[in-house]
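Breakdown of the fold
Here's the letter readout for the chains.
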Amino acid sequence: MEQGNLSRRDFMKQSMIISAGLPVASSLQSWMPGTTMQDNMPLHWLGDKAPKLSPGATWGVPWPQGAVKKSNGFILESSGQAVNLQSWPLAYWPDGSLKWTAHAIGANKGLTDQLVLKTVATSAASGMVKVKDEGDHYLIDNGRLQCRVQKSGEHLIGRITKNGKPVATNGKLVLQVQNAAEEATVHDHYVSQITAITVEQSGPVRAVVKITGHHAAAARGNLIPFIVRLYFYEESEAIRILHTIIYDGDEYKDFISGVGIRFNVPLDAETYNRHIRFTAENEGVFAEAVKGLTGMRR
């Protein structure tokens, strides 16, 4: 993933989603005076139409003062069927009641265009997302993917497996820096170095891992601190990556020409059966084989 040259101190965020986009549900109907906690709150998808397959979604809901107690829970229904839901508070009113809450659901097929969020006296969240500390790494299992997130070194993601089969290994951030905006004579290549890792959420529907570090090169030392957050949703084949970098180089000498993340992908088919595909914002897909077949069959 390439970025244009950066010639001055700036703050840049790069958001990337592996495999699929991330639809977000949004509450369009606010709480009305005179209603009670047991009243239903309709939720609508952005665009008013549910996706055929949601790789996971997160949204927030505001509450008036005194409407929802800190001890209350939430449930979510689609056509009367319960949907696994993870909820957490974002803000409180001075009286201790909930002011803002956040909610997350995992990957789902067949969700209706309108969901219903209900407040209840208590609730227990259920889901398949698990985070396990295995010494030098965390293992995140969302029921479909298993991801090994490293605690140190240059590889943020050691391995991603699906149904026990590796699909990607040795994921690391890459940074390219040149000494001029145009006609550069020096090109330096940096790789990520982890300094800290924090599990911000550990399920059962959504897990979030925060990785802090910097880019390093043998010739020039450290440059460009970064914060990466990995988002995992129940039963989703997508991992959302939010990559934040802070430019701390010399604005007259250090010009960023490329930044992104690189994985090793195991391939076992014949080279002419291996394809590289790029998807755009719309529906178009560019695809090309690693090895083209020439000649005519007779």
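Going by the structure above, here's the rest.
Given the structure is predicted, the values throughout are model-derived calculations rather than measurements. (Residues numbered from 1 in each chain as written. Predicted model: local features only at pLDDT ≥ 70, side-chain atom pairs only at ≥ 80, totals over all residues. Heavy atoms only, no water.)

Time to look at the overall build of the protein. Helix and strand content of the protein: zero helices and 23 strands. Going through the 298 residues of the protein one by one, you find that 38% of them count as buried. Taking as baseline every contact in the protein between residues at least 6 positions apart, the subset at least 24 positions apart corresponds to 59%. With an accessible surface of roughly 16,800 Å², the protein has 50% of that area assigned to carbon and sulfur atoms. (Helix = DSSP H or I, 4+ residues; strand = E, 2+ residues; numbered from the N terminus. Buried < 20%, exposed > 50% of the residue type's maximum accessible area, 1.4 Å probe, protein only. Contact = heavy atoms within 4.5 Å. Areas by Shrake-Rupley, 256 points an atom, 1.4 Å probe, with all protein chains shown as cover.)

Taken together, three strands build an open sheet; the order of strands is S5-S9-S8 and the sheet is antiparallel. Here the strands that pair on one side only, and so sit at the sheet edges, are strand S5 (57–62) and strand S8 (86–92). Within the sheet, the average angular offset between the axes of one strand and its neighbour, ignoring direction, is 20°. The pairing of S8 with strand S9 (residues 98–105) spans six bridges and is antiparallel. Pairing of Ala91 across the sheet is with Trp100, part of S9. (Pairing = 2+ DSSP bridges. Axes fitted to C-alpha atoms, helices over the stretch in contact; angles between N-to-C directions.)

Our focus in this paragraph is the pattern of salt bridges. Counted by the stated rule, this structure contains eight salt bridges. For Glu77, the salt bridge identified is with Lys118, shortest N-O distance 3.1 Å. With Glu77 in strand S6 (residues 73–78) and Lys118 in strand S11 (residues 114–120), the pair connects residues that are 41 residues apart, well separated along the chain. For the salt bridge of Arg144 with Glu237, the shortest nitrogen-to-oxygen distance reads 3.6 Å. Separated by 93 residues along the polypeptide, Arg144 in the loop between strand S13 (137–141) and strand S14 (145–150) and Glu237 in the loop between strand S19 (221–233) and strand S20 (239–246) bring together distant segments of the chain. Judged by relative accessible area, Glu237 falls into the partly exposed class, the value being 39%. (Salt bridge = Lys/Arg side-chain N within 4 Å of Asp/Glu carboxyl O.)

Across five bridges, strand S16 (residues 165–178) lies against strand S17 (residues 187–202) in antiparallel orientation. Bridging across to S17, Val177 finds its partner in Asp188. The pairing of S17 with strand S18 (residues 206–217) spans ten bridges and is antiparallel. Looking across to S18, one finds that Gln193 is bridged to His214. Here S17 folds back onto S18 in antiparallel fashion, the turn holding three residues, of which Gly203 has a positive phi close to 105°.

Another point: the nonpolar core. Grouped together as the largest cluster of nonpolar side chains are 32 residues, with contacts concentrated most on Val149, Ile211, Val228, Leu230 and Phe232. Leaving out residues up to four positions away in the same chain, Val149 has contacts with His137, Tyr138, Ile140, Leu156, Ile197, Val209, Ile211, Leu230 and Phe232. Core analysis: the second largest hydrophobic core is formed by 19 residues, Leu43, Ala67, Phe74 and Ile105 among them. (Core = buried A, V, L, I, M, F, W, Y, C linked by side-chain atoms within 4.5 Å.)

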